[in-house]
Amino acid sequence: MEIAWSNQARKDYYRVLDYLHENWGLNEVKSFVDKTEEVLGVIKKYPKTFVESPRKRNVRKGFVTKHNSLFYKVKPYKKEIILLTFWDNRQNPKKLKY
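Residues numbered from 1 in each chain as written. Predicted model: local features only at pLDDT ≥ 70, side-chain atom pairs only at ≥ 80, totals over all residues. Heavy atoms only, no water.

Looking at an unreviewed UniProt entry, one finds the protein chain named Plasmid stabilization system protein ParE, with Natronoflexus pectinivorans as its source organism.

## As for helix 2 (residues 26–45)
Here helix 2 spans 29 Å end to end across 20 residues, near enough to the 28 Å set by a 1.5 Å rise per residue. What helix 2 keeps buried is the set Val29, Phe32, Val33, Thr36, Val39, Leu40 and Ile43. End-on, the buried residues of helix 2 take up no more than an arc of 130°, which puts them together on one face. In helix 2, the exposed residues that point more than 90 degrees away from the buried face are Asn27, Lys30, Glu37, Glu38 and Lys45. (Helix = DSSP H or I, 4+ residues; strand = E, 2+ residues; numbered from the N terminus. Expected span 1.5 Å × (residues − 1). Buried < 20%, exposed > 50% of the residue type's maximum accessible area, 1.4 Å probe, protein only. Arc of directions from axis to C-beta.)

## Notes on the nonpolar core
It is characteristic of soluble globular proteins that their nonpolar side chains tend to be buried jointly. Phe32, Ile43, Leu70 and Tyr72 are the most contacted members of the largest nonpolar core, which totals 19 residues. Elements with a contribution of two residues or more to this core: helix 1 (7–23), helix 2, strand 4 (68–75) and strand 5 (80–88). Excluding anything up to four places from it in sequence, phenylalanine 32 contacts Tyr13, Val16, Leu17, Leu20, Val64, Thr65, Asn68 and Phe86. Core analysis: the second largest hydrophobic core is formed by seven residues, Phe71, Ile82, Trp87 and Leu96 among them. (Core = buried A, V, L, I, M, F, W, Y, C linked by side-chain atoms within 4.5 Å. Contact = heavy atoms within 4.5 Å.)

## Comments concerning the packing of aromatic side chains
Throughout the structure, instances matching the rule amount to seven aromatic pairs. Residues tyrosine 13 and phenylalanine 32 carry aromatic rings whose centres are separated by 5.9 Å and whose planes lie at 35° to one another, so their mutual orientation is tilted. Linking tyrosine 13 in helix 1 with phenylalanine 32 in helix 2, this pair joins segments that are 19 residues apart in sequence. As far as the burial class goes, tyrosine 13 and phenylalanine 32 line up, both buried. Pairwise contacts between aromatic rings join Trp5, Tyr13, Tyr14, Phe32 and Phe86 into one cluster. (Phe/Tyr/Trp six-rings, centres within 6.5 Å; stacked < 30°, edge-to-face > 60°.)

## Re the sheet that holds strand 4
Taken together, the five strands give an open sheet; going across it, the order is 1-5-4-3-2, and neighbouring strands pair in mixed fashion. Among the strands making up the open sheet, the edge pair consists of strand 1 (2–5) and strand 2 (51–52). Taken together, the five bridges between strand 3 (residues 59–63) and strand 4 define a ladder with antiparallel strand orientation. Bridging from a neighbouring strand, phenylalanine 63 pairs with serine 69 of strand 4. On top of the sheet, helix 1 reaches strand 1, strand 4 and strand 5; it is set at about 40° to strand 5, its chief contact. (Pairing = 2+ DSSP bridges. Axes fitted to C-alpha atoms, helices over the stretch in contact; angles between N-to-C directions.)

This is the structure we're talking about:
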């Protein structure tokens, strides 16, 4: 399956990288990039590995770190996975939109 990034996912991803760079340094940025690539590899190979969202069908939540999750949508007929958003798990879940 192919992975496509939504504009929101790309914006959220770079926001996390900027935050990590400003507050924690390049090692944390590299670690987050590596963990994200690892999760994307799992998603690409096994799209249904992570738990399905109770709010929307075919949307799943993968954990990148204990503080960050990745929401993505599986489109099995198009053989496509769309990354929807990166989410800081410490935020109010009522604010989550995808």
